[in-house]
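# Summary of structural features
Below are the chains, spelled out letter by letter.
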Amino acid sequence: MSIKSVASLLVAYPEPHYRNIERYLTLVRIEASGGQTGWGECITQFPEATRATKALIDGGLSELLIGQDPMNIEGLWHTMLDRCFWYGSEGIAAFAISAIDMALWDLKGHILGQPVASLLGGRVTDKVPAMASFILDMDDLDWTVDEFAMHRQSGFRILKAGWGMTPDSQFGTDRERDLLLVDRIRAAVGFEVDVILDVAGHRRFWDLPTAIQRFNDLEPYRLRWIEQPLPSHDLAAHARLRGAVTTPIGTGEDEWNPESYKRLIESGGVDVVQLDPGRCLGITGCRQVLKMIEAANLDASAHTWSSALNTAASLHMLANSPNHVGMDLKPHPSPMQHELVTDPWVQVDGYVHLRDAPGLGVAVDEVVVAKYAWR
């Protein structure tokens with residue numbers, strides 16, 4: 001058995017959770033000589049990153065894989081990393097390796113007739129908490145509060161939202177408005193469900209003193225955690241913030257590889273470490289990070305807000321760790337989450353359940369891939 005072909009496929013789609021803004025993904029389809037196929041994806045998100053990722057896959061990494069043993073995922077992962085030594089394993093290279101690695105795990109599962117969770121060594125659970133994850137509308141607080149209430153009624157036990165629908169109207173920029181919103185959210189959903197709020201830390205809305213003040217302001221509302229409160233690279237500021245407040249800090253979705261996650265974990269500035277197999281060097285990379293999270297006795301959350309393939313990869317990897325606390329899930333129908341596969345993921349009583357199907361456990365509809373194809 002050997003790898004016969006590696007194809008990168010670009011898609012663009014309107015994201016209903018973000019006022020139908022066009023978003024981009026890079027899909028990878030790997031076929032073995034026996035006819036089995038595996039699918040993966042990376043969350044390239046912007047057109048230039050998507051084109052660059054395809055160029056790297058088609059013009060460099062794919063030639064390393066053709067004719068190789070698809071069962072040797074760890075070896076192929078290191079081979080791809082070695083190829084990237086000069087231009088680095090972060091950024092575009094991390095996207096490309098992530099999509100390929102995910103597809104290899106899916107392919108191996110189909111060859112062996114086993115779900116990825118079993119290939120990873122077994123599972124500690126058959127279900128993972130689903131976090132209804134959506135974008136705040138800071139100009140229409142009534143709509144935003146109604147969203148929280150609706151997803152509470154639909155069965156979600158964790159409600160997560162952040163940022164804002166427009167660049168100039170974001171959560172974290174107006175203290176009075178932010179506090180009013182959180183007060184109304186708690187009045188609408190009660191304290192029996194977890195609420196998480198996401199600040200666009202890369203926008204530098206808060207410096208350290210402001211972050212401490214805002215955390216203290218929000219403490220009475222018992223948020224499960226506050227996400228990305230500060231620029232992700234400022235590990236020292238995160239550590240000082242964590243030492244000054246009681247509400248947990250979530251961060252990590254901007255990291256790329258086990259080395260950068262090691263620095264984050266050792267910094268002492270995080271409680272909930274976010275992983276995304278669509279950018280963190282795939283399932284293989286995330287698997288290494290999960291072991292570090294467990295050793296540090298921290299929590300793990302999956303930042304999976306792209307396609308049903310990423311949701312599947314996140315579900316399988318988290319099901320293998322006792323330290324998982326939840327995974328993002330788009331609560332409204334979205335093309336890449338609900339059309340891309342014939343069997344989309346749904347939450348039941350606040351959880352997404354593993355399937356015993358081979359590989360990632362979803363079937364890609366190639367007609368839909370063609371429908372949203374982009375060049």
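Above this text you will find the structure in question.
For clarity, every value in this text was computed on a predicted model and none was experimentally measured.

## Quick look at the overall build of the chain
Check the secondary structure of the chain and you find 13 helices and 12 strands. The C-alpha radius of gyration of the chain comes to 20 Å, within 12% of the 21 Å expected for a compact globule of 375 residues. For the chain, the spread of C-alpha atoms along the three principal axes comes to 60 × 40 × 40 Å. Residues counted as buried form 58% of the 375 residues belonging to the chain. Here the analysis covers contacts within the chain between residues at least 6 apart in sequence; of these, 72% occur between residues at least 24 apart. Here the chain carries 33 positive and 49 negative side-chain charges, and the mean point of each set is 2 Å from the other.

## A closer look at the sheet that holds strand S3 (residues 37–45)
Spatially, the three strands line up as an open sheet ordered S1-S2-S3, and their pairing is antiparallel. Looking at strand neighbours, the two that pair on one side only are strand S1 (3–15) and S3, the edges of this open sheet. Looking at each pair of strands side by side, their axes are set apart by 20° on average, direction ignored. Strand contacts of helix H1 (residues 47–65): S1, strand S2 (21–32) and S3, with the helix running at about 170° to S1, the strand carrying the most contacts.

## Re the nonpolar core
The biggest cluster of nonpolar side chains holds 111 residues, and the ones touching the most others in it are Ile30, Ile100, Phe148, Ile293, Leu309 and Leu360. The element that contributes the greatest number of residues to this core is helix H3 (residues 92–112), accounting for 12 residues. Once residues within four sequence positions are removed from consideration, leucine 309 is found in contact with Leu27, Trp39, Gly40, Glu41, Met102, Leu340, Leu360, Val362 and Val364. Counting six residues, the second largest nonpolar core, distinct from the first, contains Met131, Ile158, Ile196 and Val325.

## Quick look at unusual backbone geometry
We note that glutamine 228 has phi near 50°; this positive angle belongs to a residue other than glycine. In this structure, glutamine 228 sits in the loop between strand S7 (225–227) and helix H8 (235–244). At asparagine 297, a position not held by glycine, the phi torsion is positive, near 60°. Counting through the fold element by element, asparagine 297 comes out in the loop between helix H10 (282–295) and strand S10 (299–302). Judged by relative accessible area, which is 66%, asparagine 297 ranks as exposed.

## Quick notes on the environment of leucine 340
Turning to its location among the elements, leucine 340 is positioned in the loop between helix H12 (335–339) and strand S12 (351–353). Distance from leucine 340 to lysine 371, taken between C-alpha atoms, is 9.7 Å for residues 31 residues apart in sequence. The contact partners of leucine 340, leaving out residues within four places of it in the chain, are Leu27, Ser307, Leu309, Pro335, Ala363, Val364, Asp365, Val368 and Val369.

What counts as what
- Residues numbered from 1 in each chain as written.
- Predicted model: local features only at pLDDT ≥ 70, side-chain atom pairs only at ≥ 80, totals over all residues.
- Heavy atoms only, no water.
- Helix = DSSP H or I, 4+ residues; strand = E, 2+ residues; numbered from the N terminus.
- Rg over C-alpha atoms; globule rule 2.2 N^0.38 Å.
- Buried < 20%, exposed > 50% of the residue type's maximum accessible area, 1.4 Å probe, protein only.
- Contact = heavy atoms within 4.5 Å.
- Lys, Arg positive; Asp, Glu negative; His and termini not counted.
- Charge placed at Lys NZ, Arg CZ, Asp CG, Glu CD.
- Pairing = 2+ DSSP bridges.
- Axes fitted to C-alpha atoms, helices over the stretch in contact; angles between N-to-C directions.
- Core = buried A, V, L, I, M, F, W, Y, C linked by side-chain atoms within 4.5 Å.

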